[in-house]
Amino acid sequence: MSLNIRQATTLDVYSITELFRNTVTSINRQDYTKEEIQVWAESAHNIARWEQKIATQYFLVAEINAQIVGFASINQAGNYLDFLYVHHHFQRQGIAQKLYNTLENYAIGQQANEVTSNVSITARPFFEKNGFEVLQPQQNLRQQVVLVNFKMRKTLKPNLTTR
Ligand SMILES: CC(C)(COP(=O)(O)OP(=O)(O)OC[C@H]1O[C@@H](n2cnc3c(N)ncnc32)[C@H](O)[C@@H]1OP(=O)(O)O)[C@@H](O)C(=O)NCCC(=O)NCCS
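No experiment lies behind these values; they were computed from the predicted model shown.

Calculation criteria
- Residues numbered from 1 in each chain as written.
- Predicted model: local features only at pLDDT ≥ 70, side-chain atom pairs only at ≥ 80, totals over all residues.
- Helix = DSSP H or I, 4+ residues; strand = E, 2+ residues; numbered from the N terminus.
- Rg over C-alpha atoms; globule rule 2.2 N^0.38 Å.
- Buried ≥ 20, exposed ≤ 12 C-beta atoms within 10 Å, placed from the backbone.
- Contact = placed C-beta atoms within 7 Å.
- Pairing = 2+ DSSP bridges.
- Axes fitted to C-alpha atoms, helices over the stretch in contact; angles between N-to-C directions.
- Parallel < 35°, antiparallel > 145°, perpendicular 65-115°, else oblique.
- Left-handed = near helix turned anticlockwise from the far one by under 90°.
- Nonpolar A, V, L, I, M, F, W, Y, C, P; charged D, E, K, R; others polar.
- Near = placed C-beta within 6 Å.
- Core = buried A, V, L, I, M, F, W, Y, C linked by C-beta atoms within 7 Å.

(A) Representation of the overall build of the protein chain. Tallying secondary structure elements over the protein chain gives five helices and seven strands in all. Ordered by position from the N terminus, the helices and strands of the protein chain form the series β-α-α-α-β-β-β-α-β-α-β-β. Rg of the C-alpha trace for the protein chain: 15 Å, near the compact-globule value of 15 Å for 163 residues, within the 12% margin. A buried classification covers 31% of the 163 residues belonging to the protein chain. Expressed as a percentage of contacts within the protein chain between residues at least 6 apart in sequence, the contacts between residues at least 24 apart total 63%.

Listed below in structure tokens is the structure:
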């Protein structure tokens, strides 16, 4: 099995949103109520918003045999990690780690001092393993449903080879 990481294009938008919907409804469902999952998964429908994220962020997909098995993104400044989702059939195979490493290298290349993210209950252990700390729990109100996540932050060491 060889895992390939590449930058996403807007042609990937339907594969990305399908993966998102499936991962939220099966993996995040373990930590959130049915109502919370419904509201969360609904954001897959706004295709224009996803296309805009793909076009404006450093947005990666991970592929195995041309199948998208994960995606991740960070803003251009490299200091805010927006997405990190792995296909529900490919969990715990190191795919998020490879995506994250590529994003972190990008952030260091952008000379970001830190990376923050709004991290789900489900993803918190992954981020803690990668050196993030919880700044505060957050309650996000979406369509009268409260979604809990955590504002997390990692301080980056400067890349001495580029200075
Ligand atoms: C969080 C997520 C991206 C991790 O993806 P993954 O590819 O399964 O993670 P990896 O295999 O790269 O994990 C690397 C290490 O992180 C840690 N880790 C990952 N998931 C973990 C979990 N559920 N519990 C404890 N540790 C975990 C482990 O140390 C793991 O190494 P190990 O498998 O050798 O023990 C994935 O579970 C996911 O898609 N979750 C749902 C979507 C989500 O909540 N995304 C974040 C939105 S903010």
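(B) Spotlight on the environment of R6. Relative to the helices and strands, R6 resides in strand β1 (residues 3–7). The class for R6 is exposed, based on 12 C-beta atoms found within 10 Å. Separated by 65 residues in the primary sequence, R6 and F71 have C-alpha atoms spaced 9.6 Å apart. What R6 contacts, discounting residues up to four positions off in sequence, is L60, V61 and E63.

(C) Representation of the sheet that holds strand β6 (residues 133–142) in the model. Spatially, β1-β2-β3-β4-β5-β7-β6 is the arrangement adopted by the seven strands of the open sheet, whose pairing is mixed. Sheet topology places β1 and β6 at the edges, where each strand pairs with a single neighbour. Adjacent strand axes in the sheet meet at a mean angle of 25° when their direction is disregarded. Sheet topology note: the strand β3 (residues 67–74)/strand β4 (residues 80–86) ladder contains five bridges and is antiparallel.

(D) Region of the structure containing the packing of helix α1 (residues 13–26) against helix α3 (residues 47–56). It is the contact of α1 with α3, at a shortest axis distance of 10 Å, that shows an interaxial angle of 110°. Between α1 and α3, the angle is such that the two are roughly perpendicular. Along this stretch, α1 crosses α3, giving a crossing that reads as right-handed. Across the interface between the two elements, V13, I16 and T17 of α1 pack against I47, W50, E51 and I54 of α3. Its residues assigned to classes, the contact of α1 with α3 comprises five nonpolar, one polar and one charged.

(E) Molecular detail of the site of the ligand. Neighbouring the ligand are 20 residues; A96, Q97, S120, A123 and P125 lie closest to it. Put simply, the parts of the chain that give the shell around the ligand at least two residues each are β4, α4 (95–109) and α5 (124–129).

(F) Just the nonpolar core, in detail. Counting 34 residues, the largest nonpolar core has L60, F71, A72, L84, L99 and L103 as its most contacted members. Of all elements in the fold, only α1, α3, β2 (58–64), β3, β4, α4, β5 (114–119) and β7 (145–155) reach the threshold of two or more residues within this core. With six residues, the top contributor of residues to this core is α4.

(G) Looking closely at the packing of α1 against helix α2 (residues 34–42). Contact pair α1 / α2: the axes reach a minimum separation of 9 Å and the direction vectors enclose 170°. Classified by the interaxial angle, the pair formed by α1 and α2 is roughly antiparallel. Contacts from R21, V24 and T25 in α1 reach I37, W40 and A41 in α2.

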